[in-house]
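Topology and contacts: notes
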Number of protein chains: 2
Amino acid sequence: MNEFAKTSRNQVRRMPARGAYDRETIYPILDEALICHVAFAVEGQPYVIPTIHARAGDVLYLHGAPASRLLKHIMQGHPLCITCTLLDGLVIARSVFHHSVNYRSAIVFGTGRQVTELQEKEQALALLTEHIARGRWDEARQPNSRELAATEVVAVQIESASAKMRSGGPQDDDEDYDLPIWAGVLPLALLPLIPQQDERQSFGVDLPASIQNYSRGR
Amino acid sequence: MNEFAKTSRNQVRRMPARGAYDRETIYPILDEALICHVAFAVEGQPYVIPTIHARAGDVLYLHGAPASRLLKHIMQGHPLCITCTLLDGLVIARSVFHHSVNYRSAIVFGTGRQVTELQEKEQALALLTEHIARGRWDEARQPNSRELAATEVVAVQIESASAKMRSGGPQDDDEDYDLPIWAGVLPLALLPLIPQQDERQSFGVDLPASIQNYSRGR
């Protein structure tokens, strides 16, 4: 079964036609998004923090410094909600009311655990590095034991999830189509600009493959 | 006093040098970000939802359908956390360990209320429209009374906030600078692509100013 069960937690209530519950829809959104927003609650007070993630099957890996409050909270097994949002465009309608945004978002519910086993930790760091730039793990100097000890990794088991998306042009009211007002979509994309080489770059090193044709997803 | 007090809620603990508490730093991040992520908690379960926002002074306006679970929860005055994140680039270091992301994020704490007064509601919808595309409120057909009734607007008073940012190139370990590994920054930006005119566009309407030279912030 490749669909998450629809429950009160993950159900898309507003515009249910825009919702999806299958991994084939949800996971490519998680993988394309460079960052996620992790929400947790402490005594009723919610917090939401942006961070890098990487996915392996039904697990999301997060990492940071061992002193990170977010990671400590996650390691304690508290309920989490993690959301990734991709902005695809502005929907420019004739009426203000029908303006919208084209987007793909994925919302994940689960709980975390500390990754203590060295092999899993290294694999997770490789996935996190590859999530930032495909191929970079093999290009860069890999972590030594001191760096591994200075990095905390947590694994969040995805227990429930859903996606919500909008695509396509504006849907105006019938009587508005003759108005002399421009309507359409302004596509948006998170794009790489020209790479800036470090001032202290050693001589004769070419731009690596991971950066040369950088693109995310799709 | 243009700084928010540093409290346990908004304090930047990891890398405190990257933190800021003044409105002059925090508010431009909120204004440049097309969307925010709103976190709330129901009986200990956190949720985080992406949505459009607009700022007026120390208030963030959000809107949606009257049936929205998020807006209903906000109207009840529960504590909220709202985060905006701008991705500025990938920091590509010689070592995996020093890879990072350049970003500007703002985190806001506050509570919301329903906007019931018609003038404030219209003003908020104008701000939300202008947040999407500057100048669009006057270009488009403005909301009629039926549409105003079909739109819920909430105001979130910003009680506390902070920003966290990283910029600049990689900081590698001294002994790694001679390695034959490329290092630098790959700048990223959310950019508009070519506008796509609606198929049902009425004849002889030019691309409006709001879309022609679209850019966010800076």
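What this report covers is the structure whose coordinates are included nearby.

Definitions and cut-offs
Residues numbered from 1 in each chain as written. Chains lettered and ligands numbered in written order. Predicted model: local features only at pLDDT ≥ 70, side-chain atom pairs only at ≥ 80, totals over all residues. Heavy atoms only, no water. Contact = heavy atoms within 4.5 Å. Buried area = accessible area lost by both parts, 1.4 Å probe. Salt bridge = Lys/Arg side-chain N within 4 Å of Asp/Glu carboxyl O. Polar contact = N/O pair within 3.5 Å; in protein donor to acceptor, adjacent residues only side chain to side chain. Nonpolar A, V, L, I, M, F, W, Y, C, P; charged D, E, K, R; others polar. Pairing = 2+ DSSP bridges. Helix = DSSP H or I, 4+ residues; strand = E, 2+ residues; numbered from the N terminus. Least-squares fit on C-alpha atoms with pLDDT ≥ 70 in both.

**Thoughts on the interface of chain B and chain A**
Chain B puts 89 residues into the contact, and the matching count from chain A is 89 residues. For the chain B face of the interface with chain A, the top three residues by lost area are V96(B), R141(B) and W182(B), together amounting to 10%. For the interface between chain B and chain A, the tally reads eight salt bridges. In this structure, R141(B) engages D176(A) in a salt bridge whose closest nitrogen and oxygen atoms are separated by 2.7 Å. Applying the counting rule to chain B against chain A returns 43 residue pairs in polar contact (both at pLDDT 80 or more). Of the residues belonging to the side of chain B that touches chain A, the class tally is 54 nonpolar, 19 polar and 16 charged. Relative to strand β9 (residues 196-197) of chain B, strand β8 (residues 184-192) of chain A runs antiparallel, the two sharing two bridges.

**Quick look at the pattern of salt bridges**
Residue and element names in this part refer to chain A. Across all of its chains, the model carries 26 salt bridges over all chains by this definition. The residue E159 makes a salt bridge to R9 at a minimum N-O spacing of 3.4 Å. Residue E159 is located in strand β7 (residues 152-166), and its partner R9 is located in the segment before β1 (19-20); the two are separated by 150 residues in the primary sequence.

**A few points about the relation of the copies chain B and chain A**
The two copies are related by a screw operation: chain B maps onto chain A through 180 degrees of rotation and 0.0 Å of translation along the axis, at an RMSD of 0.0 Å. Taken together, the rotation and translation describe the operation of a two-fold axis. Rotation axis and chain B: the residue whose C-alpha lies nearest the axis is L190(B), separated from it by 2.1 Å. Interface overlap between copies: 100% of the residues of chain B at the interface are likewise at the interface in chain A, consistent with a symmetric, same-surface contact.

**Here's the deal with the pairing of strand β4 (residues 59-64) of chain A**
Residues and elements named next belong to chain A. Here strand β3 (residues 45-56) pairs with β4 via four bridges, running antiparallel. Note that in β4 the partner of A54 across the bridge is Y61. Adjacent in sequence and paired antiparallel, β3 and β4 are bridged by two residues, among which G57 carries a positive phi angle near 60 degrees. Sheet topology places β4 next to β7; six bridges connect them, and they run antiparallel.

Interpretation note: all reported values are geometric properties and have no functional meaning in isolation.
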